[in-house]
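A look at the structure
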Amino acid sequence: MDLILIGFGNVGRALAEVLVEREAELKGIGANFNVTGIFRSKGGFISPDGLNLKDVLERGERHPSWVPEASALEGISELPCDVVVEMTVTNIETGEPGLSFIKKALEEGKDVVTSNKGPLVVSMRELLNMAEKKGCFLLYEATVGAAIPVFAVAREALKHNEVECIEGILNGTTNYILSRMSEDKVSFDDALREAQEMGYAEADPTYDVEGIDAACKLVILANGIMGMNKRISDVEREGVRGVTPEMIELAEEEGYLVKHISYLDRERMEVGPRLVPKNSPLSIGGTFNVITIKADLAGPITLIGKGAGPRETASAVLSDLLTIVKERSGR
Ligand code: HSE
C-alpha cells in the first residue's frame, strides 16, 4: 500500500519511526506500507519506488531524495499513492493547509488518514460527504484523545447500538492544571507552565485554557460518532481560568473534584468546569483523557488513555491505516 505523509513534525516523525520499528510485524499481518513521499511545509522527500524511512529519519535534508521545491499537492496527484496521511499543524479558523490536502486527496480518489483537528472543525460534514461520494475512507482516530480508540470502538464494537451521549475530559493540559492545583496546591500559572514544558499544551495555550481545544474535539465526536453536523459555535464553552484554589478545596470537602468536562447529546454540547464525585470514572487525574460513551444497548463504556504525545498519536494513525488495509483487502 503506497502512502504519502504530509507533515513531518513530531507526529509525522513518530509515525515514520514506528513504521520502521514494526515493519516485520506489520508485514506479517499483510500491511506492506511503502512511503513514496514525505512533505514538509517547504520541500519533501520523494521516491516513487518507496523511501527508506530509516535513512530519511537519520539523514534529514541531506538525504538524496530531498527535493526543496517539492509540493504536497503535486505529490498527491503524481506519486504512487493509495492513502494520504495528513499530519500538518492545526488551524481551526481556516483548516489550512490540511484542508486543501485532504480535499485534493479525496478528489483524486485516495483514502485519507488525518491527525489534524483543523480541517474537521472547519468542514467535517463536507469532507465526509466527499469521501462517501468518492468511495474513500476518511479516518481521524488521532484527532480526539490521541491513543484512545474512541472512533474504532463506536464504529466497530458499538455499531449495533445507538449512542445517546458522550461525556469526558478531552484536554490533557487543563486536566493536568486542575489535578496539580488540587493534589499539590500548585498555582494555575505554574501548572500551565509545567504542561507546556511537557509538550502537552497547544502552541497557543489559550486554546487549552479556554476550552477551545476540548470544544473542537467535541465537534468531531458529534459529527463522527453521532452523525451530526455541528460547528464549534454550537458548543457552549467555559474555560478553567475562573477555577480558584478555594473552589477546589470546597468541592473536596464535599467529596467532589473540579474537572473540565465536555458533554454532548442530541440537544446540547457544552464544555466547562463541573463537580465530579471522587469515585467517578471522570475523576482521572494528570494529563489523562477520559471518554464515556453511553449507548442504548451497551450502557456506559469508559475509555481512559493518553490524549497527546507523538507516539500515542502515531499509534492512532497506524490503527486507521490498518483499518484501511483490512477493508481494502476484504478481510
Ligand atoms: N493540547 C492538547 C491537550 C493536546 O492538552 O490535550 C492534544 O490535542
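Scroll up to find the structure this text is about.
Described in the following lines is the structure provided in the data block. Along each chain, residue indices are assigned from 1 in the same order as the chain's sequence is written. Given that this is a predicted model, residues contribute local features only at a pLDDT of at least 70 and side-chain atom pairs are listed and counted only at 80 or more, while totals for whole chains, interfaces and linings are drawn from all residues. Note that water and hydrogens are dropped before the side-chain values are worked out from all heavy atoms of the structure.

**What about the state of the cysteines?**
As a reminder, the rule being used: Any cysteine sulfur atom paired with another within 2.5 Å is treated as part of a disulfide.
Considering all chains together, one arrives at 0 disulfides under this definition. In this structure Cys81 is not part of a disulfide, and its nearest cysteine sulfur, from Cys136, lies 10 Å away.

**Quick word on the packing of helix 6 (residues 117–134) against helix 11 (residues 212–225)**
Put simply, the rule reads: Lines fitted to C-alpha atoms define the axes here, with helix axes fitted over just the stretch in contact, and angles between the N-to-C directions of these axes take values from 0 to 180 degrees. Where helices and strands are cited, they refer to DSSP runs of H or I of at least four residues and of E of at least two residues respectively, numbered from the N terminus. Should an angle lie under 35 degrees it is considered roughly parallel, over 145 roughly antiparallel, and from 65 to 115 roughly perpendicular; all remaining angles are considered oblique. Each helix crossing is assigned a hand: it is left-handed if the near helix lies turned anticlockwise from the far helix by less than a right angle, otherwise right-handed if that turn is clockwise. Between two residues, a contact is recorded if the distance between any of their heavy atoms is within 4.5 Å. Residue polarity follows a fixed list, in which Ala, Val, Leu, Ile, Met, Phe, Trp, Tyr, Cys and Pro are nonpolar, Asp, Glu, Lys and Arg are charged, and the others, Gly among them, are polar.
Where helix 6 meets helix 11, the closest approach of the two axes is 9 Å, and the angle between their N-to-C directions is 20°. With respect to each other, helix 6 and helix 11 are oriented roughly parallel. By crossing handedness, the relation of helix 6 to helix 11 is classed as left-handed. Contacts between helix 6 and helix 11 pair Lys117, Leu120, Val121, Met124, Arg125 and Leu128 from the former with Asp213, Cys216, Lys217, Ile220, Asn223 and Gly224 from the latter. Residue classes in the contact of helix 6 with helix 11 are distributed as 6 nonpolar, 2 polar and 4 charged.

**Focus on the site of the ligand**
Here is the rule we go by: It suffices for a single heavy atom of a residue to lie within 4 Å of a molecule or strand for the residue to be listed as near it. What qualifies as a polar contact is a pair of N or O atoms within 3.5 Å, subject to a donor-acceptor requirement within protein and to the restriction that residues adjacent in sequence count only when both atoms come from side chains. For the accessible areas, the method is Shrake-Rupley and the probe is 1.4 Å, while residue cover comes only from the protein chains on display. Cavities and pockets were defined on a 1 Å grid built from protein atoms only: a cavity is a group of points that admits a 1.4 Å probe but offers it no way out, a pocket is an open group of points flanked by protein on both sides within 12 Å along at least five of seven lines, and a lining residue is one with an atom within 4 Å of any such point. To qualify as sitting in a cavity or pocket, a molecule needs more than half of its atoms within 2 Å of the grid points.
In the region of the ligand, the neighbouring residues are Lys117, Asn171, Gly172, Thr173, Tyr200, Ala201, Glu202, Asp208, Asp213, Lys217, Gly307 and Ala308. One nitrogen or oxygen atom from the side chain of Thr173 is found 2.7 Å from an oxygen atom belonging to the ligand. With respect to the ligand, the side chain of Lys217 contributes an N or O atom lying 2.9 Å from an oxygen atom. The protein chains hide 90% of the 260 Å² of surface that the ligand would expose on its own. Taken atom by atom, the bulk of the ligand overlaps the largest pocket. For the shell around the ligand, the secondary-structure elements that each account for two or more residues are helix 8 (172–183) and helix 11.

**What to know about the pattern of salt bridges**
Worth spelling out the cut-off: Counted as salt bridges are all cases of a side-chain nitrogen of Lys or Arg within 4 Å of a carboxyl oxygen of Asp or Glu. Only protein chains enter the accessibility calculation, which uses a 1.4 Å probe. A residue is then buried if its area is under 20% of the maximum for its type, exposed if over 50%, and partly exposed in between.
Enumeration over the complete set of coordinates arrives at 20 salt bridges. Residue Asp213 pairs with Lys117 through a salt bridge whose shortest N-O separation is 2.9 Å. Of this pair, Asp213 sits in helix 11 while Lys117 is found in helix 6, placing the two residues 96 residues apart along the sequence. The buried category is assigned to Lys117, whose relative accessible area is 11%. Asp213 is paired through a salt bridge with Lys217; the nearest N and O atoms lie 2.6 Å apart.

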